[in-house]
Each structure stands twice: as C-alpha cells, then as structure tokens.
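# A closer look at the structure
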Amino acid sequence: MAFKVGLLGLGTVGTGTAQILLDPAQRHPLVQELEIYRVGVRSPDKTRLVAFSPGVVTTDLEAIVTDPAVEIVVELLGGLEPARSLILKAIANGKHVVTANKAVIARFGEEIFAAATEAGVYVLLEAAVGGGIPVIEPLKQSLCANRIHTLMGIVNGTTNYILTRMQTEGGDFAEILADAQKLGYAEADPTTDVDGFDAADKIAILASLAFGGRIKLPEVYCEGIRQVSAADIAYADKLGFVIKLLAVAKRDTSPGTNLADPPDQLQVRVHPTLIPKTHPLASVNQVYNAILVEGEPIGQVMFFGPGAGAGPTASAVVSDILNIAAILKVGRGAATDGQPPQLDPLLACSHQHYCAIAPMSELVTRFYARFLTQDSSGVIGKLGTCFGNHSVSLESVVQIGLRDNQAEIVVVTHHVREGNFHQALDEIRTFEAVNSVASLLRVL
Ligand code: HSE
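Description of the structure in this document. Values in this document were obtained by computation on a predicted structure and should not be read as measured data.

Looking now at a nonpolar patch on the surface. Together, Leu183, Tyr185, Val287, Tyr288, Met302 and Phe304 make up a nonpolar patch on the protein surface, roughly 550 Å² of accessible area in all. Along the polypeptide, Phe304 turns up in strand E12 (residues 299–306).

This is the structure in structure tokens:
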C-alpha cells in the first residue's frame with residue numbers, strides 16, 4: 001500500500017517535489033510507494049507544470065492536515081502563517097511533517113518540536129538549509145560521533161550571487177542588486193536575503209543541531225551586505241581576500257578548553273566577512289552555498305552545492321519523505337496500545353535547553369576598516385596610537401590614493417576583542433582629521 005502524502009504548496013519547490021514523485025524510474029524503489037494523495041494550493045486556476053488526477057488538488061489546506069488518510073504532510077508554502085498553524089495542526093492529527101520552511105522552524109522550533117515529540121511524529125527539514133545540499137541529516141546522523149566546535153558557511157545564494165558579481169565586475173551593490181532582481185536572482189523585496197535574515201534563520205537551525213540546544217533567534221547577530229562597497233571589494237582583493245556573507249556558529253576553542261565540557265557560550269552570527277582567498281569558502285561563488293563543519297575527531301568537512309532552486313530543494317524534500325516512509329514501512333512509526341510511537345533518536349529533535357549566546361563585544365576577531373581623512377601629516381600615526389591605547393594591534397595599514405579629495409586609509413587588525421576595537425573607533429571618530437569611518441568589516 002502506498003504512503004499517502006499531502007503536499008501544501010505548489011510553487012517552485014512544490015512543483016519540483018511533485019515532479020520527482022511522479023517520475024520514480026531509476027530512483028530509490030521506495031519513491032514508487034509514495035502517492036501524492038492531496039495537493040493544497042491557494043490559487044486553483046494558476047497554470048501548473050504538473051497535472052494531477054481529478055480531486056487531488058484543493059484549496060482547503062486544513063482538510064489535508066486533518067485528513068485521516070494522509071500520513072506525511074509536506075509544507076512548502078513558505079512564510080510564517082498559515083504555515084506554522086498548518087504544521088501544528090498536522091502534528092496534532094498525528095501526521096509526520098516535512099518542511100523547507102527555515103523561517104518557521106527558526107522562530108517556532110520549540111513549539112513545533114515539543115508538539116511533535118508529544119505526538120510521536122517526525123518533523124524533518126533537510127530542505128530548510130542549503131537547498132539541495134545534504135547538511136541537516138549529516139549533522140544529525142553521519143557526524144554525530146564528533147564534538148563539533150565550529151560551523152560556518154555561505155548559506156544565502158542571493159547575496160553570494162550579488163557579491164560574486166561585485167567582485168568580478170567591480171560594480172556597486174545597488175546596481176548589481178537591481179540587475180539581479182531583473183534576472184530573477186533576487187526578490188522584488190530583497191530584505192530577507194540582503195539584510196542577512198535568511199542566513200540568520202539558517203545558522204540558528206544549524207547551530208541548534210551542531211551544539212544540541214535551541215537558539216533564540218533575536219540573539220543571533222545579523223548584519224547584511226548593503227554597506228559592502230565596490231571600494232571595499234577592491235581593497236580586499238589587493239590584500240588577498242574576498243568578501244562573503246558568512247554565517248558562523250562557534251564555541252570557545254581557546255587553549256585549555258575541554259571540548260567534552262558543555263560550551264559556556266556560543267557565538268552565532270551573520271555578517272559580511274573578508275575571507276582569505278586560500279580558504280575553502282573563498283571559491284564558493286554565484287548562487288552556490290557551502291557549509292564547513294569542524295569537529296573532533298573529524299577535522300574539517302565541507303558540504304558544497306546548489307543552495308536553492310526547484311530540483312535541488314525538491315531533492316532534499318523527497319529524501320525526508322523517504323526517511324519517514326522507510327520508518328513507516330518497517331512499522332517503527334506506529335502507535336502501540338494507545339501510546340505514541342517511539343521516535344528514532346537520530347532523526348527526531350532530542351534537545352530542550354537553550355544555548356547561551358555570547359555578546360558580540362566579547363568576540364575576538366580581526367577587523368578591516370576604511371577611513372576617509374584629511375590628507376595631512378600625522379593622521380596614520382594618530383590612528384596607530386589610538387588603536388595601540390585600546391590594545392588593538394594592527395596587521396597592515398594601506399593608503400593608496402585619494403577619494404573625493406580625502407585620504408583613504410585602510411587598516412587590518414590582528415585578533416582583537418570587538419569591544420576594544422569599538423572603543424578605539426569611538427575615539428577615532430572624534431579626531432578632527434578623520435572625516436568618516438567609511439566601512440567596517442570582520443576578517444576571518
Ligand atoms: N533565498 C534563499 C537564498 C534561497 O537566496 O539562498 C532559499 O533558502
């Protein structure tokens with residue numbers, strides 16, 4: 001007997017998912033046992049790329065999540081509501097859930113996973129991070145023997161596309177964004193992507209899996225790419241770096257740290273970052289995503305691939321559906337004696353506590369800063385002295401030319417405490433010879 005799937009949403013990813021399920025040849029044999037039993041859409045009259053038998057498509061999404069015949073609900077609506085309510089209703093009705101909805105999981109994970117645990121159902125979300133890149137299940141299963149200490153990645157394709165074009169064409173953010181919107185690489189309202197919120201949702205989810213605790217989304221530091229200029233990209237290039245929107249989740253690994261102890265505090269942050277050209281993430285370009293995981297004893301492992309798109313994201317969605325179908329097939333998902341079924345601890349969410357997140361002022365990192373100053377004697381000396389007074393050691397200072405009749409001075413620091421660096425900057429801003437701090441970026 002086929003496993004009955006209720007699909008919510010028939011947009012790009014929903015269509016890609018249906019296409020895989022309706023064309024099972026040469027895929028895993030279990031794909032043949034999945035039946036698209038109901039498809040919920042908001043606009044019934046839209047032209048679709050896939051055709052379904054009469055009666056399958058409905059606008060009554062609630063009827064799908066409450067239908068006793070449906071075993072697996074696949075939520076591909078996007079947005080917070082009605083997605084969240086439908087997921088919760090599906091769980092309350094004993095359905096397993098597959099979702100690509102990073103925004104809902106990052107905000108309402110506690111509510112959703114608590115309900116799922118109580119109901120004895122799975123909520124799987126491979127497609128929520130990295131599109132087609134397998135990273136959620138590898139973190140849960142293949143890497144679970146490791147003590148993970150660092151996870152960092154390029155998890156937003158839109159910003160990576162814009163930054164790659166700024167790098168190769170030398171254009172400014174606004175003009176490349178406008179072109180990316182015209183070409184369909186960026187949304188008409190690009191905020192979620194370019195201001196870093198999409199990447200913040202994704203790193204919160206990844207951090208939660210890597211470090212075995214929940215993450216409060218408002219505690220994730222989030223800075224987007226609007227302030228990255230062509231000038232910064234050109235300076236970074238000369239200094240041996242590329243600029244990427246990096247999402248980072250990291251625990252303290254300073255000497256004396258015992259990785260067997262629970263982390264005191266995690267850093268979880270998203271910001272544009274200068275990455276050395278020799279770093280594995282530096283060559284991840286265009287809309288591609290990559291996630292680098294570091295742990296003991298594995299060392300480094302990097303996941304690379306297409307971070308969005310119908311086919312890749314549907315590949316991840318169908319892998320989750322198959323994971324659930326495989327469990328149901330061997331009878332492990334069934335309730336016994338009125339008790340909810342035991343969940344596979346490697347597939348289900350097993351943590352309840354929240355991770356403590358360190359304030360950004362305690363971050364120890366390198367910085368890149370660009371100053372526009374008067375072209376007079378002693379300015380570089382004054383900057384150097386001020387940084388020195390705040391324990392900020394400089395790695396390089398460059399003054400190549402003038403911009404709008406102002407001297408342009410670029411500094412890269414050694415590792416410094418972020419709080420100290422900002423104190424130095426506050427003082428520098430008061431210098432008469434300093435017209436502005438034109439940009440400020442972190443360096444990996
Ligand atoms: N908007 C996302 C991106 C794709 O640009 O990567 C879906 O997660």
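There is more to say, and it comes next.
What tends to happen in soluble globular proteins is that the nonpolar side chains get buried as a cluster. In this structure, Leu151, Ile162, Ile203, Leu206, Ile215 and Val268 are the most contacted members of the largest nonpolar core, which totals 82 residues. With 9 residues, the top contributor of residues to this core is helix H9 (residues 197–211).

Here we come to helix H1 (residues 12–21). A large share of H1 lies buried, amounting to 8 of its 10 residues. Where H1 is concerned, the buried positions are Val13, Gly14, Thr15, Gly16, Thr17, Ala18, Ile20 and Leu21. Structurally, H1 contributes buried residues whose contacts are with strand E1 (3–8), strand E2 (34–40) and helix H11 (310–329).

Around the ligand lies a shell formed by Lys102, Asn156, Gly157, Thr158, Asp193, Asp198, Lys202 and Ala308. Taking Asn156, its side chain carries an N or O atom lying 3.3 Å from an oxygen atom of the ligand. Contact distances for the ligand include 2.9 Å between a nitrogen atom and a side-chain N or O atom of Asp193. Compared with its free state, where it exposes 260 Å², the ligand has 79% of that area covered by protein.

Let us look at the environment of Leu239. With respect to the secondary-structure elements, Leu239 resides in helix H10 (residues 230–239). Overall, the relative accessible area of 26% leaves Leu239 in the partly exposed class. A sequence separation of 15 residues divides Leu239 from Ser254, and the C-alpha atoms of the two residues are 27 Å apart.

This part takes up the pairing of strand E11 (residues 288–296). The element E11 is largely enclosed, with a buried count of 7 among its 9 residues. Relative to E11, strand E7 (residues 147–154) runs antiparallel, the two sharing 7 bridges. Residue Arg147 lies in a different strand from E11, and its bridge partner there is Glu296. Of the pairings in the sheet, the one linking E11 to E12 comprises 8 bridges and is antiparallel in character. Looking at the pairing, Ile291 lines up with Phe303 of E12. Count of turn residues in the E11/E12 antiparallel hairpin: 2 residues.

The next thing to look at is unusual backbone geometry. Look at the link from Glu81 to Pro82: it is a cis peptide, with omega at 10°. Mapped onto the elements, Pro82 comes out in the loop between strand E4 (72–75) and helix H3 (83–92). Note the cis peptide between Glu296 and Pro297, where omega equals 15°. You can see Pro297 is positioned in the loop between E11 and E12. Look at Gln26: it is not a glycine, yet its phi comes out positive at around 65°. Residue position: Gln26 is located in the loop between H1 and E2. We note that Asp404 has phi near 50°; this positive angle belongs to a residue other than glycine. Tracing the sequence through the fold places Asp404 in the loop between strand E14 (394–403) and strand E15 (406–413). Judged by relative accessible area, Asp404 falls into the exposed class, the value being 65%.

Overall, parallel pairing links the 6 strands, which are arranged E3-E2-E1-E4-E5-E6 in an open sheet. Each edge of the sheet is formed by a strand with only one pairing partner; in this case those strands are strand E3 (57–58) and strand E6 (123–124). Here 6 bridges tie E1 to E2, and the two strands are oriented parallel to one another. Each bridged residue has a counterpart across the sheet, and for Leu8 the counterpart in E2 is Gly40.

Procedures and definitions
Residues numbered from 1 in each chain as written. Predicted model: local features only at pLDDT ≥ 70, side-chain atom pairs only at ≥ 80, totals over all residues. Heavy atoms only, no water. Patch = residues over 30% accessible without salt bridge, like charges linked within 9 Å, V, L, I, M, F, W, Y side chains within 5 Å. Areas by Shrake-Rupley, 256 points an atom, 1.4 Å probe, with all protein chains shown as cover. Salt bridge = Lys/Arg side-chain N within 4 Å of Asp/Glu carboxyl O. Helix = DSSP H or I, 4+ residues; strand = E, 2+ residues; numbered from the N terminus. Core = buried A, V, L, I, M, F, W, Y, C linked by side-chain atoms within 4.5 Å. Buried < 20%, exposed > 50% of the residue type's maximum accessible area, 1.4 Å probe, protein only. Contact = heavy atoms within 4.5 Å. Near = heavy atom within 4 Å. Polar contact = N/O pair within 3.5 Å; in protein donor to acceptor, adjacent residues only side chain to side chain. Pairing = 2+ DSSP bridges.

Keep in mind that these numbers describe shape and distance, not what the molecule does.
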